[in-house]
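This is what each chain is made of:
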Amino acid sequence: MSKFDHLRGVPGSRNRLAAQVWEGARVGAPSAEIPEADEVGVPAELRATIEHHMSLYPDRRSAVLPALRAAQELHGWVSDKAILQVAAVMQVTPAYLESVASFYDMLELEPVGRHRIYVCTNLSCQLRGAHDVVEAFSAATGSPVDGSSPDGVFRLRSFECLGACDTAPMASIDGHYRGPLTTEDAKHVADHIRAGGDPAEVLPDKRFVGDYGPHLEQQSSEGEPTDGFGEGTA
Ligand code: FES
């Protein structure tokens, strides 16, 4: 049974998501609903990352998305355990976090392959062969489109516009934008990752100038986020 199945019983609501939103609005809920960090075993690195993001905003809830993203990076998906750990650090209810996580497409709510490949198949990319590219990734990774490979290495998704249309057809490979891609590139990417290569280093000549990858996690000495435009800028 899911940790949050009790939400189904919220009066007046037969819809779980509606129940979550209803519950999520009660951010200032009794502290008994907020788990203790000791009880849910928050890893020190995750705690430090979340606390850092909270320190950047006057309202700690503004750090919800980077906090959930950090938990996903650690656990591979936004599991019930990940939700509880983030809730304990942020001092918000698990229901609030789940209502946010269920809204955003890039947060995975079930176990998926470790390396996430999102191939844009929106208009600009589609006109430049994105469907062939996504099929090539499927063949190279062994993952069905919008599924995961049986060996748990890859998660492959067909995505809406990722905002890098000038490099169409493109893909986000563990958050690193690459394009324009050919069908041959798909095998190169899969082989590189299977061999233990760093996804940030794949196809270096096809980096998007705004490769957002890990840069958002890097902070200047003043504690300000970097602009994310360092790598790949001509
Ligand atoms: S249509 Fe593919 S990035 Fe915009």
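Residues numbered from 1 in each chain as written. Predicted model: local features only at pLDDT ≥ 70, side-chain atom pairs only at ≥ 80, totals over all residues. Heavy atoms only, no water.

**Structural notes on the nonpolar core**
If you look at the biggest cluster of nonpolar residues, it comprises 27 residues, and the most contacted ones within it are Ile50, Val64, Leu68, Val86, Met90 and Leu97. Put simply, the parts of the chain that give this core at least two residues each are α2 (37–40), α3 (44–55), α4 (64–75), α5 (80–90) and α6 (94–101). Beyond its immediate chain neighbours, meaning those up to four positions away, Met90 contacts Ile50, Met54, Arg60, Arg61, Ala63, Val64 and Ala67. Core analysis: the second largest hydrophobic core is formed by 19 residues, Ile117, Val119, Ile173 and Ile193 among them. (Core = buried A, V, L, I, M, F, W, Y, C linked by side-chain atoms within 4.5 Å. Buried < 20%, exposed > 50% of the residue type's maximum accessible area, 1.4 Å probe, protein only. Helix = DSSP H or I, 4+ residues; strand = E, 2+ residues; numbered from the N terminus. Contact = heavy atoms within 4.5 Å.)

**Side note on α5**
The buried count for α5 comes to nine of 11 residues, which makes it a mostly enclosed element. For α5, the secondary structure elements touched by its buried residues are α2, α3, α4 and α6. Where α5 terminates, the next one or two residues include Gln91, which has phi positive at roughly 60 degrees.

**Looking at the pattern of salt bridges**
This model, assessed by the stated rule, comprises 10 salt bridges. The salt bridge partner of Asp185 is Lys206, with a shortest N-O separation of 2.6 Å. One end of the pair, Asp185, is in helix α9 (residues 183–194); the other, Lys206, is in the segment after α9, with 21 residues separating them in the sequence. With respect to class, Asp185 is no different from Lys206; both count as buried. (Salt bridge = Lys/Arg side-chain N within 4 Å of Asp/Glu carboxyl O.)

**What about the pairing of strand β3 (residues 154–159)?**
The buried count for β3 comes to five of six residues, which makes it a mostly enclosed element. Across six bridges, strand β1 (residues 115–120) lies against β3 in parallel orientation. Considered in β3, the bridge of Val119 is made with Ser158. Across two bridges, the pairing between strand β2 (residues 147–148) and β3 is antiparallel. Across the sheet, the residue bridging to Ser148 is Arg155, located in β3. In this structure, the hairpin formed by β2 and β3 is closed by a connection of five residues, where Gly152 is found at a positive phi of approximately 75 degrees. (Pairing = 2+ DSSP bridges.)

**Let's talk about the packing of α4 against α6**
Their axes nearest at 11 Å, the elements α4 and α6 cross at an angle of 85 degrees. Taken together, the axes of α4 and α6 are roughly perpendicular relative to one another. Residues Val64, Leu65 and Leu68 of α4 lie in contact with α6, whose contacting residues are Tyr96, Leu97, Val100 and Ala101. Of the residues belonging to the contact of α4 with α6, the class tally is seven nonpolar, no polar and no charged. (Axes fitted to C-alpha atoms, helices over the stretch in contact; angles between N-to-C directions. Parallel < 35°, antiparallel > 145°, perpendicular 65-115°, else oblique. Nonpolar A, V, L, I, M, F, W, Y, C, P; charged D, E, K, R; others polar.)

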